[in-house]
Structures are given as C-alpha cells and as structure tokens.
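Breakdown of the fold
Each chain, written out:
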Amino acid sequence: METDCLFCKIVAKEIPAEIVHETARTLAFRDINPQAPTHVLVISKGHYADAGAVADADDGLADEILKAARSIAVQEGVAESGYRVVFNTGPAAGQTVFHVHGHVLGGRDLGWPPG
Ligand code: AMP
Ligand code: ZN
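Throughout what follows, the structure given in this document is the object of discussion. Just so it is clear, the structure is predicted and the values come from calculations on it, not from any experiment.

The next point concerns helix α3 (residues 61–76). Helix length check: α3, at 16 residues, gives a terminal C-alpha distance of 22 Å against a target of 22 Å (1.5 Å per residue), a fit within 8%. Along α3, the positions that sit buried rather than exposed are Leu61, Ile65, Ala68, Ala69, Ile72 and Ala73. All buried residues of α3 lie within an arc of 140° about the axis, which places them on one face of the element. Those residues of α3 that are exposed and aimed more than 90 degrees away from the buried face are Leu66, Lys67 and Val74. Packing partners of the buried residues in α3 comprise β1 (19–22), β2 (26–30), β3 (38–44), α2 (51–57), β4 (83–86) and β5 (101–106). Positioned one or two residues after α3, Gly77 has a phi angle of 80°, which is positive.

With that settled, consider the coordination of the zinc ion (ligand 2). Geometry sets the ideal angles at a metal, namely 109.5 degrees for four tetrahedral donors and 90 or 180 degrees for six octahedral donors. Coordination of the zinc ion (ligand 2) by the protein comes from Cys5 (SG), Cys8 (SG), His47 (ND1) and His99 (ND1), over a distance range of 2.0 to 2.3 Å. Taken together, the 4 donor atoms coordinating the zinc ion (ligand 2) and their angles of 105 to 115° define a geometry best described as tetrahedral. Classification of Cys8 as buried rests on a relative accessible area of 2%.

Pairing of β1 with β2 involves 3 bridges; the strand directions are antiparallel. Residue Glu22 lies in a different strand from β2, and its bridge partner there is Leu27. Count of turn residues in the β1/β2 antiparallel hairpin: 3 residues.

Rules of the game
- The numbers attached to residues start from 1 for each chain and follow its sequence in the written order.
- Both sets of labels track the order of writing: A upward for chains, 1 upward for ligands.
- Side-chain atom pairs in this predicted model are given and counted only at pLDDT of 80 or more, local residue features only at pLDDT of at least 70, and totals for whole chains, interfaces and linings cover all residues.
- Excluded from the side-chain calculations are hydrogens and water; all other atoms, namely the structure's heavy atoms, are used.
- Segments assigned H or I by DSSP are reported as helices when at least four residues long, segments assigned E as strands when at least two residues long, and all are numbered from the N terminus.
- For a helix, the expected span equals 1.5 Å multiplied by the residue count minus one.
- Summary of the burial criterion: residues with accessible area below 20% of their type's maximum are buried, those above 50% are exposed, and those between are partly exposed, where the area comes from a 1.4 Å probe applied to protein chains only.
- The arc refers to the directions leading from the helix axis to the C-beta atoms.
- It only takes one pair of heavy atoms within 4.5 Å for two residues to be counted as in contact.
- Each metal's donors are the N, O and S atoms within 2.8 Å of it, or within 3.2 Å when it is Na, K or Ca, and because water is not part of the set, sites may look incomplete.
- A site with four donors is called tetrahedral when every donor-metal-donor angle falls between 85 and 135 degrees; four donors are called square planar, and six octahedral, when opposite donors sit more than 155 degrees apart and all other angles fall between 65 and 115; any other arrangement is irregular.
- Two strands qualify as a pair provided DSSP detects at least 2 bridges between them.

This is the structure we're talking about:
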C-alpha cells in the first residue's frame, strides 16, 4: 500500500466508498463525481500507477480488471445498451489519481470522440 494514495486508502477501508463489485485482486466502487447514470471505477487492490504499469506486469491482472468491468456492466444493466471502459493514462489524458482505475460508464448515449 502507498500511504499517500487515495485508492489504496479505499482498499484499506480508511476512506469510505460505495463498493459494487469485488474479486480477490480487484475492487469497484461508484465514482464520487459521476459523469453518467452508471459510473463505476474498477481498480486493482495492489498499487500500480496506471494501466500501462498493469500491462507491463503481465501476470493476468489486466485480464482480471477487464473481466471485472464486464461483470459490473452486466450487474448495472448496461451490457446490452452499451458501455465504455476508459483508462486515462498519464496527465495529458486527464489522469488525476495515479492508482490504476478503469471508468465503467453507461446508461446514456456517451458520444464520440470523447474530447
Ligand atoms: P482520472 O481523472 O481518470 O484519474 O479519474 C479519477 C476519478 O476518481 C474521477 O472521476 C473522480 O471523480 C474520482 N474520485 C476521486 N476521489 C474519489 C473518491 N473518494 N471516491 C470515488 N471516486 C473518486
Ligand atoms: Zn494506490
């Protein structure tokens, strides 16, 4: 655990979150500032700075995060209508919390390009 990391603190239950899905190595909770009717963040319980670091780790964790995103979409009822999984990776992409998280967005027409 990184002691100054917001999402590590959520994993440690030091900061509350509305948890909607959990596996041995992943945790998902509602975004505090939702941008769509469904806006869930899926993270690894272990600390990785971003999706690139998870991909580099190459131990199946990226697969688990994507599978968790799928389960969340089904659970939230957006799997049929459509949903988006976004991993902002790095400052220019808008990443503000440097603990890997996929945004699972759905429940409205999302539009493209994302801006
Ligand atoms: P990003 O800009 O991709 O790094 O996304 C960070 C996301 O974390 C934003 O959508 C925030 O609204 C969200 N966020 C920040 N603090 C919390 C928190 N305490 N609980 C849930 N979501 C949070
Ligand atoms: Zn962390």
